[in-house]
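So you can see what is in the structure, the chains are spelled out below.
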Number of protein chains: 2
Amino acid sequence: MITLAVDMSSGDLGSKAALEGVRLFQEKHPNEVNFLLVGKKEELEGAQGEIVDAKEVMPMEAGVLDALRNKESSMFKAVNSVKEKKADGVISCGGTGAFLTCATVLLRKIPGAERACLVAPFPTRIKGKKVVILDVGANNENSGKEIAQFALMGSLYSRCVYNVKDPKVYVLSNGSEEGKGSPEGQEAYALLKERKDINFQGNLEARDVLNGDADVVATDGFSGNTLLKGTEGVAKMMSEMMKSAFQRNIFSKLGYLLSRKGFKDMKETMDYKSVGGAMLLGVNGVVVKAHGNSDGVAIFHAIEVAYSLVKNKLVDQIKEGLSQ
Amino acid sequence: MITLAVDMSSGDLGSKAALEGVRLFQEKHPNEVNFLLVGKKEELEGAQGEIVDAKEVMPMEAGVLDALRNKESSMFKAVNSVKEKKADGVISCGGTGAFLTCATVLLRKIPGAERACLVAPFPTRIKGKKVVILDVGANNENSGKEIAQFALMGSLYSRCVYNVKDPKVYVLSNGSEEGKGSPEGQEAYALLKERKDINFQGNLEARDVLNGDADVVATDGFSGNTLLKGTEGVAKMMSEMMKSAFQRNIFSKLGYLLSRKGFKDMKETMDYKSVGGAMLLGVNGVVVKAHGNSDGVAIFHAIEVAYSLVKNKLVDQIKEGLSQ
């Protein structure tokens, strides 16, 4: 049976949201997962899972050294349970930096992996279809070889989580023709062209990332982070503008009432809560990072991602892919 | 008197749109600018300006060598008129690559400028306020020194075009604290901290670029291009979703009629046509690139940008700034 460790304390909404996420998962998949619930014992009593007491909470902005010093924190203990083989995967809503530090130091990289990377699913114009982009920020620079490895890991992720049979893989570029892109992107292009186990499609410009054609887009951590956060910024700005357009006067408010069904769909598509968080790939274990202010539903989706990755043995698949 | 050369043939909408752009400008600023209208003579007769006959059109996808070979094209001739001091600035809707090639080869870089860069204005959450981002794609990699120069050029641009007195300048980063960012971004940070002529504010994450605080955001050409095109991609996707939300049924259509005023405002804010195109900074001359499918209004705005840059002597200001 699969065991997942959940860091119950590090999210902005505390253990209540985490408990709700676990409950929703148990309701949908009864008796498929053992839970290690890592957090303050007194807050977790009565929950469906094994309680691992952790009195401390990792500070959101903890740096590398702080992260490793906070050994009594729920985050450190949750990650450590994967290291000690007590759990197959770990989910946390804590600070990205601290969580990545704990995961890479405690679990170590898969043999052959140059770097670990963060993968995030983005919505696309095709309803229900996601595109996975990596690295979105575990690194601040990457070589061509590293980007090519990210492409491989992303392809396996797309198969495991979204059941895409032969994921279309691209390299992020400033032009679609061969020869365009950053020097590192061009190097990744040359490496990927040679691989028979990846359905490599060439370069893709940032404006086409969400058009629904690509399943995987590989890039360096700095530009991937720019894409992730830039997308978030525009989406937020446009949502605010829509809101104020509807709140303009009594007529526009009525207009909202008449058209809200479609806008509810749109909101759901753009909602990070339904995407299940970002995952750290390239380490020895399943590591899922949910948004800091995740509610129960968001945590439920993050647990689902961790569950499908463990079930489909993503880590073993990456090990095999990297050895080729 | 200021003279501007307009490439009349290279845009998707041809000379009609270009003529309309010139006409709108002449209407707003009568007798302030001489125009060199470079294009097919027979299409330009009767227009307010000096016609420079150019039989050829630069192909949209022309590479570096093609660009320099097409000496009879309206684009080449328009840029060349700046080289020959017949015009103070040039506006084109043609292919970015070819236009940048003509401009950098014919006009050459300003002494001290490491690289030329493209600057683009973005809308922000504050109505009417723009943020200028550079480089958005003239280069595919940049050093820290180059990024710091972009910051200086962007600051001068913000003063000239938007009359911002003491523009707030940031470096694009993956975190807001000092020490975050790409290695090149960190190098730029260290250089900018020392400059007294720039109101340097530190690092800025991509999600905060449009929040209205920053006037200038400097970054390398690859991540800047990712930000520009990523923003465009999300905005397009959300606009399509809004449209289909309103077209869902008779009620949502009525909802649109009741709330359209606010949405029209939103559309205007997000519209590239009102921003006046991107400009190439760091060369000896004012070089403005309008969108390929610009209509008359978009070309009018691009001419306005060129006009204010010539009038405010941006090129001389950059020369002076780089010599410090």
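Here's a quick rundown of the structure. On a predicted model such as this, the values are computed, not experimentally measured, just so you know.

### Some thoughts on the relation of the copies chain A and chain B
Between the two copies of the chain lies a rotation about an axis combined with a shift along it.
Here is step 1: Aligned on chain B, chain A shows an RMSD of 0.0 Å; the corresponding rotation is 180 degrees and the shift along the axis is 0.0 Å. With respect to symmetry, the two chain copies, as superposed, fit the operation of a two-fold axis. No C-alpha of chain A approaches the rotation axis more nearly than that of G255 of chain A, which lies at 1.8 Å.
Here is step 2: Most of the interface of chain A is mirrored in chain B, where 100% of its interface residues again form contacts.

### Side note on helix α1 (residues 14-28) of chain B
Residues and elements named next belong to chain B.
Here is step 1: Here α1 spans 22 Å end to end across 15 residues, near enough to the 21 Å set by a 1.5 Å rise per residue.
Here is step 2: Among all positions in α1, only S15, A17, A18, G21, V22, F25 and Q26 are buried.
Here is step 3: The elements touched by buried residues of α1 are β1 (2-7), β2 (33-39), α2 (41-44) and α10 (296-311).

### What about the pairing of strand β4 (residues 89-92) of chain A?
It is a general feature of regular strands that their side chains alternate between the two faces of the sheet.
All names here are of chain A.
Here is step 1: Across the two faces of β4 the burial is the same, with G89 and I91 and V90 and S92 all buried.
Here is step 2: With three bridges connecting them, strand β1 (residues 2-7) and β4 associate as parallel partners. Paired with V6 across the two strands is I91, which belongs to β4.
Here is step 3: Note that β4 and strand β11 (residues 286-289) share four bridges and pair parallel. Residue I91 lies in a different strand from β11, and its bridge partner there is V288.

### Concerning the sheet that holds strand β3 (residues 50-53) of chain B
Here is step 1: The strand order β3-β2-β1-β4-β11-β10-β5-β6-β9-β7-β8 (chain B) describes an open sheet built from eleven strands, whose pairing is mixed. Of all the strands in the sheet, just β3 and β8 (199-205) of chain B have a single pairing partner and so form its edges. Going from strand to strand, the sheet's axes swing by 25 degrees on average, the running direction of each strand aside.
Here is step 2: Sheet strands in contact with helix α8 (residues 221-246) of chain A are β5 (117-123), β7 (168-173) and β8 of chain B, and its direction is about 125 degrees off that of β7 of chain B.

Thresholds, definitions, all that
Residues numbered from 1 in each chain as written. Chains lettered and ligands numbered in written order. Predicted model: local features only at pLDDT ≥ 70, side-chain atom pairs only at ≥ 80, totals over all residues. Heavy atoms only, no water. Least-squares fit on C-alpha atoms with pLDDT ≥ 70 in both. Contact = heavy atoms within 4.5 Å. Helix = DSSP H or I, 4+ residues; strand = E, 2+ residues; numbered from the N terminus. Expected span 1.5 Å × (residues − 1). Buried < 20%, exposed > 50% of the residue type's maximum accessible area, 1.4 Å probe, protein only. Pairing = 2+ DSSP bridges. Axes fitted to C-alpha atoms, helices over the stretch in contact; angles between N-to-C directions.

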